[in-house]
Amino acid sequence: MNSEVISVRTGSRRAVHDLTDQASQFVRERGDGLLHLFVPHATAGLAIIETGAGSDDDLLAALEDLLPADGRWLHRHGTPGHGRDHVMPALVPPYATVPVLAGRLALGTWQSICLVDLNVDNPVRQVRLSFLTG
Amino acid sequence: MNSEVISVRTGSRRAVHDLTDQASQFVRERGDGLLHLFVPHATAGLAIIETGAGSDDDLLAALEDLLPADGRWLHRHGTPGHGRDHVMPALVPPYATVPVLAGRLALGTWQSICLVDLNVDNPVRQVRLSFLTG
Amino acid sequence: MNSEVISVRTGSRRAVHDLTDQASQFVRERGDGLLHLFVPHATAGLAIIETGAGSDDDLLAALEDLLPADGRWLHRHGTPGHGRDHVMPALVPPYATVPVLAGRLALGTWQSICLVDLNVDNPVRQVRLSFLTG
């Protein structure tokens, strides 16, 4: 299994960060297999959605609505409401898998692989990319 | 990696479409490994749930409640409220993985692999099935 | 593919049950590859979250809020509200994948692999662990 870690700057705001270019680069010339992405963080997830047409902000708004950043959470430290950031990976998991054919991601036209990071206290994130030849 | 694409007719209504038979067929005689399913669409997902006892409609009702098809979404085109269809794959991802043993899906008794398609404007969907021997 | 099933006692209360130690044990001395976890049940899921600091109970509370155990569900049998347990695996899927490097799970410091079981009627659950060498 080929595996490497990349660093991603998500900044100090809630972010949907497109990783597709870096993932495409990683699988280039690897033939057929499966790309596995993994975020080794407890307050980030991976989503495969369309970007650049509003859905990235729509996802952040939906998460704000489904997991409000208020005082309800038992897990308390850091920024107020931060407890909900720790629940998010149960719904938006820290892994994703995408088929690779002849060194190309078999994504649909409108799909991008995105890091979802609600945590405003960690501006830099790691993402592990692994390739399984199957 | 063995990989092929099947076409699925989900029609012009919101649908939970059972793919288990086609997936079982695909892995037959392949021995031990992992089945990977992938939907190359930005408004569909895959869920492993019980079908035929109400839970398929319960899932559609829950998604209606969690991601209402109203005017809140920035992503606007097609049927009103369609923006929420683009958020769904962050919660119901476009991939799924199931162990295969001796050419059989190692699903539980009540589990079915389902395509979840909220988008009423795309009656036919693609699903990529891939088999990793591990 | 190496694959085995373990039994987990989740008891008769809603539970987030940490599987990390058993998963670590399973991958020990296996080198590099991918750990695949699968729950062959229609009312349980797997989540990778922090445990022991409140987030396990926060997740149960969030699921209570997102999928209320009330009379809205078509799927009716067992404990009242049980229908929502059957919707949960669409949001908290019954599979998870974690990279393994030199026989160690490549989890982040605060990540644990957890079985999420809302179903109070099934005190013992199965989890299938599989290792792909890629």
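Residues numbered from 1 in each chain as written. Chains lettered and ligands numbered in written order. Predicted model: local features only at pLDDT ≥ 70, side-chain atom pairs only at ≥ 80, totals over all residues.

> Can you lay out the overall build of chain A for me, pointing to particular residues and giving the numbers?
For chain A, the helix and strand inventory stands at three helices and eight strands. Counted from the first residue to the last, chain A has its helices and strands arranged as β-β-α-β-β-α-α-β-β-β-β. For 134 residues, the compact-globule estimate of 2.2 N^0.38 gives 14 Å, and chain A sits close to it at 15 Å. Each of the three principal axes of chain A carries a C-alpha extent, and together these read 50 × 30 × 25 Å. (Helix = DSSP H or I, 4+ residues; strand = E, 2+ residues; numbered from the N terminus. Rg over C-alpha atoms; globule rule 2.2 N^0.38 Å.)

> Describe unusual backbone geometry, and please don't skip the residues or the numbers.
Most peptide bonds take the trans form, and the phi angle of most residues other than glycine is negative. Positive phi, close to 70°, is recorded for E29(A), a residue that is not glycine. By the secondary structure assignment, E29(A) is in the loop between α1 (20–27) and β3 (33–38). Taking the number of C-beta atoms within 10 Å as the measure of exposure, E29(A) has 6 and is therefore exposed. Although it is not a glycine, A102(B) sits at a positive phi angle of roughly 50°. Counting through the fold element by element, A102(B) comes out in the loop between β5 (95–101) and β6 (104–105). (Buried ≥ 20, exposed ≤ 12 C-beta atoms within 10 Å, placed from the backbone.)

> How would you explain the sheet that holds strand β2 (residues 15–18) of chain B if you had to name every residue and give the values?
Spatially, β2-β7-β4 (chain B) is the arrangement adopted by the three strands of the open sheet, whose pairing is antiparallel. Both outer strands of the open sheet, β2 and β4 (44–49) of chain B, are each paired with one neighbouring strand and no more. Neighbouring strand axes in the sheet, compared pairwise and without regard to direction, differ in orientation by 30° on average. Summarising the sheet, β4(B) and strand β7 (residues 112–117) of chain B pair through six bridges and their orientation is antiparallel. Within the sheet, the bridge partner assigned to I49(B) lies in β7(B) and is S112(B). Taken strand by strand, helix α3 (residues 83–91) of chain C contacts β4 and β7 of chain B, and its axis lies near 135° from that of β4(B). (Pairing = 2+ DSSP bridges. Axes fitted to C-alpha atoms, helices over the stretch in contact; angles between N-to-C directions. Contact = placed C-beta atoms within 7 Å.)

> Now, about the interface of chain A and chain B: what can you tell me, with residues and values included?
At the junction of the two partners, chain A supplies 30 residues and chain B supplies 26 residues. Mapped onto the side of chain A that touches chain B, the elements with two or more residues apiece are β3, β4 (44–49), α2 (55–66) and β5 (95–101) of chain A. For the side of chain A that touches chain B, the element with the most residues is α2(A), which contributes six residues. Partitioning the side of chain A that touches chain B into residue classes produces 19 nonpolar, seven polar and four charged. (Nonpolar A, V, L, I, M, F, W, Y, C, P; charged D, E, K, R; others polar.)

> Describe the relation of the copies chain A and chain B, and please don't skip the residues or the numbers.
In the superposition of chain A on chain B (RMSD 0.0 Å, axial shift 0.0 Å), the rotation amounts to 120°. Expressed as a symmetry operation, the mapping of one chain copy onto the other fits a three-fold axis. Here only 13% of the interface residues in chain A have copies in chain B that are interface residues too; the copies meet through unlike faces. (Least-squares fit on C-alpha atoms with pLDDT ≥ 70 in both.)

> Could you give an account of the interface of chain A and chain C, naming the residues involved and the relevant values?
Across the contact, 26 residues belong to chain A and 30 residues belong to chain C. Elements that contribute at least two residues to the side of chain A that touches chain C include exactly β3, α3 (83–91), β5 and β8 (124–132) of chain A. Looking at the side of chain A that touches chain C, the element that brings in the most residues is α3(A), giving six residues. Grouping the constituent residues of the side of chain A that touches chain C by class yields 16 nonpolar, nine polar and one charged.

> How would you sum up the relation of the copies chain A and chain C? Please name residues and give values.
Note on the copies: chain A fits chain C at an RMSD of 0.0 Å, the axial shift is 0.0 Å, and the rotation between them is 120°. In this assembly the copies use different faces: only 15% of the residues contributing to the interface of chain A also contribute to that of chain C.

> Could you give me a rundown of the packing of α3(A) against helix α2 (residues 55–66) of chain C, with the residues and numbers involved?
Where α3(A) contacts α2(C), the two axes come as close as 9 Å, and the packing angle between them is 70°. Compared by their axis directions, α3(A) and α2(C) come out roughly perpendicular. Taking contact as the criterion, the partners of G83(A), H86(A), V87(A) and A90(A) in α3(A) are, on α2(C), S55(C), D58(C), L59(C) and A62(C). Of the residues assigned to the contact of α3(A) with α2(C), the class counts are four nonpolar, three polar and one charged. (Parallel < 35°, antiparallel > 145°, perpendicular 65-115°, else oblique.)

> Provide a residue-level description of the sheet that holds strand β8 (residues 124–132) of chain C, including the pertinent values.
All names here are of chain C. Strand order in the open sheet formed by five strands is β1-β8-β3-β5-β6, with antiparallel pairing between adjacent strands. Both edges of this open sheet fall to β1 (2–9) and β6 (104–105), since each of them pairs with a single strand only. Where β1 meets β8, eight bridges bridge the pair, whose relative direction is antiparallel. Each bridged residue has a counterpart across the sheet, and for I6 the counterpart in β8 is V127.

> I'd like to hear about the pairing of strand β4 (residues 44–49) of chain C, residue by residue, with values.
The buried fraction of β4(C) amounts to six of the six residues, a majority that puts the element mostly inside the structure. Burial along β4(C) is two-sided: the face carrying A44(C), L46(C) and I48(C) and the face carrying G45(C), A47(C) and I49(C) are both buried.

> Got a sec to walk through α1(A)? Specific residues and values, please.
Residues and elements named next belong to chain A. A23, F26 and V27 are the residues of α1 that are buried. Along the axis of α1, the buried residues cluster in a sector spanning 90°; they form a single face. Exposed and oriented more than 90 degrees from the buried face of α1 are D21 and Q25. Those residues of α1 that are buried are in contact with β3, β5, β6 (104–105), β7 (112–117) and β8. Just downstream of α1 lies E29, where phi reads positive at about 70°. (Arc of directions from axis to C-beta.)

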